[in-house]
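The lines below spell out each chain.
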Amino acid sequence: MAADRDAIRKWIVNHQHALVVQRYEDIHEGQEIVDFFAKYLYPSFEDRDEYVARNEFIRRILGIYRRGKLRKELGPAVVIYAPMIWLADRMADLPDYLGRAVALYDQAEELDGRMVEYAAAQGAGEADLTPQFYEQAFRATSTLAEREAQVNEVVDVGGYAVSVVERGGIANLILRYVPRVPVFVTNPTVRGLNAALTMVQAGFRAFRNQAGRIHELKDMTRRRELEAVRRIFANGNTE
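Residues numbered from 1 in each chain as written. Predicted model: local features only at pLDDT ≥ 70, side-chain atom pairs only at ≥ 80, totals over all residues. Heavy atoms only, no water.

**Things to note about the overall build of the chain**
When its secondary structure is counted, the chain shows 11 helices and 0 strands. In the chain, the succession of helices and strands from N to C terminus is α-α-α-α-α-α-α-α-α-α-α. Counting across all 239 residues of the chain, residues that qualify as buried make up 47%. In the chain, once contacts between residues fewer than 6 apart in sequence are set aside, the share between residues at least 24 apart is 81%. For the chain, the exposed surface amounts to about 12,300 Å²; the carbon and sulfur share of it is 54%. (Helix = DSSP H or I, 4+ residues; strand = E, 2+ residues; numbered from the N terminus. Buried < 20%, exposed > 50% of the residue type's maximum accessible area, 1.4 Å probe, protein only. Contact = heavy atoms within 4.5 Å. Areas by Shrake-Rupley, 256 points an atom, 1.4 Å probe, with all protein chains shown as cover.)

So, in structure tokens, the structure goes:
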């Protein structure tokens with residue numbers, strides 16, 4: 001019996017998450033960074049709702065920020081978030097970083113969607129959802145160039161956190177001034193800002209704690225992710 005699209009998507013998401021965790025299980029000193037990527041960039045299906053909501057909030061906040069309406073949208077919470085707004089106004093590259101992050105999310109959703117449709121068109125049942133079938137769908141629905149570009153963009157966008165950590169003071173201020181204000185929880189912009197900043201805070205803390213190795217870890221991530229993509233496409237040549 002063919003699996004429905006929701007079951008297929010769940011399997012694909014969880015398989016991708018498991019592959020990422022497996023690729024870095026030997027990295028012990030930088031495990032905090034690995035955990036950050038696994039939770040925030042390649043989450044399991046069980047953490048998917050938070051991942052989707054966070055990206056949609058970032059998309060909305062980015063639009064508001066670019067229109068210069070952030071203070072208005074925050075309402076009374078603007079007083080509490082004043083330090084973050086002050087910092088954001090001085091980080092000219094922040095909107096570009098957020099925009100690229102959302103674009104990556106959209107691309108990942110599209111690529112996953114292609115694989116889901118491919119599996120559905122093949123009439124794949126749950127027993128057919130194997131690592132071999134995943135690689136088959138991966139190759140059938142994307143090109144090597146497309147996947148390599150995706151990897152490079154993920155690593156380069158992640159490199160923004162590295163650059164902020166290297167600036168020193170800004171990252172420390174961000175880690176210090178990220179309030180959680182339940183009284184404003186009904187304000188969707190505040191909820192979105194909290195969710196986005198929670199992710200940013202976790203990333204900065206992880207990278208800061210590994211400050212002496214962050215470039216090494218960044219280069220290693222690029223190498224391993226590209227090797228994984230190229231291996232999948234190379235496997236198709238032996239079938």
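More follows now that the structure is in view.
**A short note on the packing of aromatic side chains**
In this structure the tally under the stated criterion is 5 aromatic pairs. Ring geometry for Tyr51 versus Tyr105: centroids 5.4 Å apart, planes at 75°, classification edge-to-face. You can see Tyr51 sitting in helix 3 (residues 48–66) and its partner Tyr105 sitting in helix 6 (residues 94–121), a full 54 residues away along the chain. Note on accessibility: Tyr51 and Tyr105 belong to one class, buried. By the ring-pair criterion, three or more aromatic residues cluster together here, those being Trp11, Tyr134, Phe138 and Phe233. Just above the ring of Phe138 sits the side chain of Arg147; from NZ or CZ to the centre is 3.9 Å. (Phe/Tyr/Trp six-rings, centres within 6.5 Å; stacked < 30°, edge-to-face > 60°. Lys NZ or Arg CZ within 6 Å of the ring centre and 35° of its normal.)

**Looking at the pattern of salt bridges**
Tallied over the full model, the rule gives 13 salt bridges. Residues Arg139 and Glu135 are paired through a salt bridge, measuring 3.7 Å at the closest nitrogen-oxygen approach. Of this pair, Arg139 and Glu135 are both found in helix 7 (residues 131–141), 4 residues apart, which corresponds to roughly one turn of the helix. Several salt bridges share partner residues, and in doing so they unite Arg48, Glu109 and Asp112 into one network. (Salt bridge = Lys/Arg side-chain N within 4 Å of Asp/Glu carboxyl O.)

**Some details on the environment of Ala127**
Of note, Ala127 is situated in the loop between helix 6 and helix 7. A residue is classified by how much of its surface remains accessible, and Ala127, at 73% relative accessible area, is exposed. Along the chain, Ala127 and Ala2 lie 125 residues apart, while their C-alpha atoms are 9.3 Å from each other.

**Focus on the packing of helix 6 against helix 7**
Two quantities define a packed helix pair, namely the angle between the helix axes and the distance between the axes. Relative orientation of the contacting elements helix 6 and helix 7 amounts to 115°, with a least axis distance of 9 Å. Judged on the interaxial angle alone, helix 7 and helix 6 are roughly perpendicular. In this structure, helix 6 crosses over helix 7, and the sense of that crossing is right-handed. Taking contact as the criterion, the partners of Arg114, Met115, Tyr118 and Ala119 in helix 6 are, on helix 7, Phe133, Tyr134, Gln136, Ala137, Phe138, Ala140 and Thr141. Broken down by class, the residue content of the contact of helix 6 with helix 7 amounts to 8 nonpolar, 2 polar and 1 charged. (Axes fitted to C-alpha atoms, helices over the stretch in contact; angles between N-to-C directions. Parallel < 35°, antiparallel > 145°, perpendicular 65-115°, else oblique. Left-handed = near helix turned anticlockwise from the far one by under 90°. Nonpolar A, V, L, I, M, F, W, Y, C, P; charged D, E, K, R; others polar.)

**Remarks on empty space enclosed by the protein**
Overall, the coordinates contain 5 cavities of 30 Å³ or more when judged by the stated rule. The volume enclosed by the largest cavity comes to roughly 790 Å³. Forming the walls of the largest cavity are 43 residues, and the residues nearest its centre are Leu41, Tyr42, Tyr51, Gln150 and Val154. With 8 residues, helix 8 (residues 144–167) is the single largest residue contributor to the lining of the largest cavity. Residue composition of the lining of the largest cavity, grouped by class: 31 nonpolar, 6 polar and 6 charged. (1 Å grid on protein atoms, 1.4 Å probe; cavity = no way out; pocket = protein on both sides within 12 Å on 5 of 7 lines; lining within 4 Å. Points joined across faces, edges and corners; volume = space filled by probe spheres on them.)

**Section: the packing of helix 3 against helix 6**
Packing of helix 3 against helix 6 leaves a shortest axis separation of 10 Å and a crossing angle of 140°. The pairing of helix 3 with helix 6 is recorded here as oblique in orientation. Relative to helix 6, the crossing made by helix 3 is left-handed. Along its contact with helix 3, which presents Arg48, Tyr51, Val52, Asn55, Glu56, Ile58, Arg59, Leu62, Tyr65 and Arg66, the element helix 6 presents Pro95, Asp96, Leu98, Gly99, Ala101, Val102, Tyr105, Asp106, Ala108, Glu109 and Asp112.

**As for the nonpolar core**
Ranked by internal contacts, the top residues of the largest apolar core, which has 27 residues, are Tyr24, Ile27, Ile33, Phe36, Tyr97, Leu98 and Phe207. Among the elements of the structure, helix 2 (31–40), helix 3, helix 6, helix 8, helix 10 (188–209) and helix 11 (214–236) are those that each provide at least two residues to this core. Broken down by element, this core gets its largest block of residues, 6 residues, from helix 6. Among the nonpolar cores identified, the runner-up in size contains 19 residues, and Ile8, Met115, Val116 and Tyr118 belong to it. (Core = buried A, V, L, I, M, F, W, Y, C linked by side-chain atoms within 4.5 Å.)

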